[in-house]
Every structure is written in structure tokens, then in C-alpha cells.
Amino acid sequence: MSTKPKLYYFDGRGKMESIRWLLAAAGVEFEEEFLETRDQYEKLLQGGSLLFQQVPMVEIDGMKMVQTRAILSYIAAKYNLYGKDLKERALIDMYVGGTDDLMGFILMFPFLSAEDKEKQRALIIQKATSRYFPVYEQVLKDHGQDFLVGNNFSWADVHLLEAILMVEEKKSDVLSGFPQLQAFKARISSIPAIKKFLEPGSQRKPVPDDKYVETVRRVLCMYYDVKAN
Amino acid sequence: MNVYCANLLSSLQIPGNQARGNMSGKPRLHYFNGRGRMEPIRWLLAAAGVEFEESYLEKKEDLTKLQKDGSLLFQQVPMVEIDGMKLVQTRAIANYIATKYNLYGKDMKERALIDMYVEGMFDLNELLMKYGYLPADKKEEHFANMMDKAENRYFPVFEKVLKDHGKDFLVGNQLSRADVQLLEIILMAEECKPDTLAKFPLLQSFKARISNIPPIKKFLQPGSQRKPLIREEEVPKVIKIFY
């Protein structure tokens, strides 16, 4: 029996992607079971595997963990990516909260109507460049260190890189006013475990497409219109 | 979902930088005079027996001032001045307080359970919180959905947790933030539907038991810093602060 963590989700980014990133950054191999049919989902539900009837779900260390933040916190703590004390944890939690909010604007993007997509793209860029990126730029500028917190690689760095790349997919030159973030991006991308994750053939998932949207709607019976926030 | 209230709520969730601390040594909460996203923090501090002060945002200028003086990392509240930091992001604040005051379990596995339970409660809290801010024509549908989630998704889970281990507290046989937050959402759900716990005998006794813990009992009494349910006539004033 494998002791690798096993991820249960759709074959796409969604809420599971941050977990894939963190496991990859920690150098942890993991398996995945992709939900393609309603049937599979109902089996998981009936088997009592999903505490609140939702995915993501990750089997790890004998637990069936749900709730993205709970899973991420567990992995971060287990693999020493959560700072060395309470104050560093607080900083990491704050920074991750920001990148989580930013990526939240992108999460629902594929489900929006074409018209709403245009509006949302503009909103994402605006939030990224006026609210979130300036903060991380300033943090890096202020301490002049390689990593966001405690001069050590942490969850906050992984999450920020993920967010940067996602926003760049919406506007490729979005980092043009942020030299520190540009250097940060290059630096973190070249960490071996991350570099590997960024290469083709890794478990990193591509930009969600219509097929992904269709799969999610089918499995979750989620046929209502999704509105932008 | 109403875009108006969605925007309001997304702007309520704001972080801050951390520079100067609060002179009195007590944590100081910056928010409007209402529940919103700050209420779980008030509960947690109260349960830990920690006295705290509050600065209320009454008008837009109050928020702008905080934004301009660099107190809010992501331009948003809640913000809590504590131990020389200006903490923002509800989870970051709650995690810090829970850890500091030993309400976060004794090891990683207990933390994992607490986190799972608390995140589920956060989700339900979002639904309960939004209700007060919705326009009249959206309320009925939202009410049905939120009570359905409370009674069919969340309460059964916690009823079963208590049934399975037969202990007084949700995790690790001692009081944790999970217990505090569960009591909070039970009470909020009951405000909307008084008989919501009808099918959950263990949650009923849990509610009585946790309510009796001295600092919590005190917090439940009139005159505490617990905030009341938002009244319809107050909603425009709150929205004005953020728009």
C-alpha cells in the first residue's frame, strides 16, 4: 500500500492546485484520482469520505482531509514550510491570505460568461497591480532577502509564485512595475523541486478550459450560472 | 449572489502591515460596530479570557484614514493590533490567537481536525453573515439554502463527531477554537430558525455545556462585547463605509 498522499479532485486546477504546488515544493510525490463522472463522486459521498460532501479531499497520514486551507496548513507544518515561530506563522498566514484572495478572483473565471470574463479579467489585473503585488514588492524591498518570511523558503513563497504565474496568464507583462517580484519569480522558479514542477509532464494542471468546466458541472450537478464577484 | 454584498464582503476581508502596537497592551480590534468577519475573533478572545479594546469604523473617512496611514496590509479590515503587530486576514488573526492561548489542540493531527471543522464553520458563517445584507427579494432563497446547509451538511457532521467519541469537546478532549466557533454558529443559526437543533440532541447538550464555561457565559451576557445581529436599517450605513 502506497504511503504517498492521494488527491481526489477533477483533472484540473480549481482549489486543488495550491495543494499540488505545495506538495511539489516540499518534494513530496503524490497520487491523484480524477473525478470524471457523477457516479464516482456519489461513491465517495456514500463511502463517507467527504466530511462536508466536498472536494478537495486528500488522503494523507491515515486521514481523509478536506478543506483546502486545512490541508495546506497541515502540509506546510509537516514539511517545515510554515516558519519557525508564532510570529513567522502569522506573517505567512497573512501573506497567504492575500494571495488566496487574489487567486479567488481567478478561480471562478472559467465558469463565467464571455462578457463577465472580460470584466473579471480587468478586475483581476486591477486587484493584482494595485492591492496585492505592491504589498509583496514592498515586503521584499524592505528586508532585501530572498524569501518573504524569516529568510527561509516557506508556503508564502510557493503561494505567491503560483499567484504571479496565474495572473501573468491573464496579462503577460503584469509584473512590469515590480522589479522585486520579477527577481523573486526567477529565483523561486529555479528551486529544483519547483523547477521540476514547472516542466511539461509534471502534475501541474493547465489553464482550465471548457472541458474542465463541463466536467465540474457534470460531477457536481452545478448547472446554475456563476456570477463574477 | 448579489454583487453589491459580495463586493462589500470581499472588501471587509482586509489585511494590514505590522508596525506600531497598541499602547495599553490589550489587543485592539479595528472594524465597524457589528459582527461581520470580526465576530469569530471576538468570540475567540473572550473564550480565552483576554480583554480587548475596539475602534469602530463609523464612516468612510475612518477606513480611508487607516488605509492612508499604512495600517492595513491589503487595505481591508478586520485588523487587530496585537503583540506589536497589525494583523489582518481573519484566519491569520484567529490562528495567532488560538495558538497563543492554547485553543489549537496539542499536536499536528489535532490541529488538522480543528482546521477541518473550523473551515467548514467559516463556510457556514459566510452564508449566515451574508443573509443580513441581502435585499428583501433575495432573502428567501438564501435563507432556504443556508438552513439546508446548516441542517444537512454541517450540523450532522458535528453531531456525529460528538456521538462517535462521546466526549465534551470536539477535539482532543479539551476546549479548542472549534468548540467556540461551533457555539457561535449554532447561536447564529438559531437566531434565524429557533428550532434548528431539533434533530441534534448532542449539539443541544454541547450548546448548554459550552455556554456554561465561565468566560463564554460572561460573553453571552448583556453588556459584553458580543455584537447583535445587524438590523436592516443599519445596512446602508455599513455599506457606505466601504463604498
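In this text, all values refer to a predicted model and were calculated from it rather than measured experimentally.

How should the overall build of chain B be read in this particular structure?
For chain B, the helix and strand inventory stands at 10 helices and 4 strands. Counting only C-alpha atoms and orienting by the principal axes, one finds that chain B spans roughly 50 × 45 × 30 Å. Out of the 243 residues belonging to chain B, those deemed buried represent 56%. Residue pairs in contact within chain B that sit at least 24 positions apart in sequence constitute 72% of those at least 6 positions apart. Accessible surface computed for chain B: about 10,300 Å², of which carbon and sulfur atoms make up 53%. Between the mean site of the 36 positive side-chain charges and the mean site of the 32 negative ones, chain B shows a separation of 3 Å.

Explain the packing of aromatic side chains to me, please; I cannot follow it from the model alone.
Any pair of aromatic rings gets described here by the distance separating the centres and the angle formed by the planes. With the rule as written, the count across this model stands at 18 aromatic pairs over all chains. Measuring from centroid to centroid gives 6.3 Å for A:Phe10 and A:Tyr212, while their planes differ by 80 degrees, and the two rings are edge-to-face. Note that A:Phe10 is positioned in the loop between strand S1 (6–9) and helix H1 (17–25) and A:Tyr212 in helix H9 (residues 210–220), a separation of 202 residues in sequence. Neither A:Phe10 nor A:Tyr212 differs from the other in exposure class; each is buried. Seen from their ring centres, B:Trp43 and B:Phe219 are 5.1 Å apart, and the 75 degrees between their planes marks the pair as edge-to-face. Of the two residues, B:Trp43 sits in helix H2 (residues 39–47) while B:Phe219 sits in helix H9 (residues 214–219), which places them 176 residues apart along the sequence. Each residue in the set A:Tyr9, A:Phe10, A:Phe111 and A:Tyr212 is aromatic and connected to the rest through ring pairs, giving one cluster.

Looking at this structure, I do not really get the UniProt feature "domain: GST N-terminal" (unreviewed entry) in chain A. What am I missing?
Here, UniProt's "domain: GST N-terminal" (unreviewed entry) annotation points to residues 3–83 of chain A. For residues 3–83 of chain A, helix accounts for 36% and strand for 20%, while the C-alpha atoms at its two ends are 26 Å apart.

Quick question: what am I supposed to make of the domain arrangement of chain A here?
Where the parts come together, the accessible area they lose is often given as the size of the interface. Residues and elements named next belong to chain A. With domains assigned, chain A is organised as domain 1 (6–79 + 198–220) and domain 2 (86–190). A separation of 22 Å is found between the C-alpha centroids of domain 1 and domain 2. Contacts between the two partners involve 20 residues from domain 1, matched on the other side by 18 residues from domain 2. When the two sides are added together, the surface that domain 1 and domain 2 hide from each other amounts to roughly 1,600 Å², 68% of it contributed by carbon and sulfur.

What's the story with the interface of chain B and chain A in this structure? I'm lost.
Listed per partner, the contact involves 36 residues of chain B and 34 residues of chain A. Interface area lost by chain B to chain A is led by B:Phe74, B:Met108 and B:Met116, which between them contribute 21%. The interface formed by chain B and chain A includes 0 salt bridges. Across the contact surface, chain B and chain A share 9 residue pairs in polar contact (both at pLDDT 80 or more). Contributing elements (two or more residues each) for the side of chain B that touches chain A: helix H1 (3–12), strand S4 (85–88), helix H4 (90–100), helix H5 (108–131) and helix H6 (136–165) of chain B.

Help me out: how do you make sense of the sheet that holds S1(A) in this one?
Strands pair in a sheet through their backbones, by hydrogen bonds, and they do so in one of two ways: parallel or antiparallel. All names here are of chain A. Pairing in this open sheet of 4 strands is mixed, and the strands run S2-S1-S3-S4 from one edge to the other. The sheet is open, and its two borders are formed by strand S2 (31–34) and strand S4 (63–66), each paired with just one other strand. Ignoring which end each strand starts from, the neighbouring axes of this sheet average 20 degrees apart. The pairing of S1 with S2 spans 4 bridges and is classified as parallel. Its bridge partner being in S2, Tyr8 is matched across the sheet by Glu33.

Help me understand the sheet that holds strand S1 (residues 28–32) of chain B in this model?
All names here are of chain B. One open sheet holds the 4 strands; their spatial order is S2-S1-S3-S4, and the pairing between them is mixed. Pairing within the sheet leaves two strands with one partner each, and these edge strands are strand S2 (53–57) and S4. Between one strand axis and the next, the sheet turns through 20 degrees on average, direction left out of account. One ladder, built from 3 bridges, connects S1 with strand S3 (residues 79–82); its direction is antiparallel. Pairing of Arg28 across the sheet is with Glu81, part of S3. Packing against the sheet, helix H3 (residues 60–68) makes contact with S1, S2 and S3, and its axis sits at approximately 115 degrees to S2.

When you look at the pairing of S2(B) in this model, what are you seeing that I'm missing?
Regular strands place side chains that alternate from one sheet face to the opposite one. Relative to S2(B), S1(B) runs parallel, the two being bridged by 5 bridges. The residue of S2(B) that forms the bridge with B:Leu29 is B:Glu54.

Rules used throughout
- Residues numbered from 1 in each chain as written.
- Chains lettered and ligands numbered in written order.
- Predicted model: local features only at pLDDT ≥ 70, side-chain atom pairs only at ≥ 80, totals over all residues.
- Heavy atoms only, no water.
- Helix = DSSP H or I, 4+ residues; strand = E, 2+ residues; numbered from the N terminus.
- Buried < 20%, exposed > 50% of the residue type's maximum accessible area, 1.4 Å probe, protein only.
- Contact = heavy atoms within 4.5 Å.
- Areas by Shrake-Rupley, 256 points an atom, 1.4 Å probe, with all protein chains shown as cover.
- Lys, Arg positive; Asp, Glu negative; His and termini not counted.
- Charge placed at Lys NZ, Arg CZ, Asp CG, Glu CD.
- Phe/Tyr/Trp six-rings, centres within 6.5 Å; stacked < 30°, edge-to-face > 60°.
- UniProt positions renumbered as here; feature names shortened; annotations may be inferred.
- Domains from an automatic or database assignment.
- Buried area = accessible area lost by both parts, 1.4 Å probe.
- Salt bridge = Lys/Arg side-chain N within 4 Å of Asp/Glu carboxyl O.
- Polar contact = N/O pair within 3.5 Å; in protein donor to acceptor, adjacent residues only side chain to side chain.
- Pairing = 2+ DSSP bridges.
- Axes fitted to C-alpha atoms, helices over the stretch in contact; angles between N-to-C directions.

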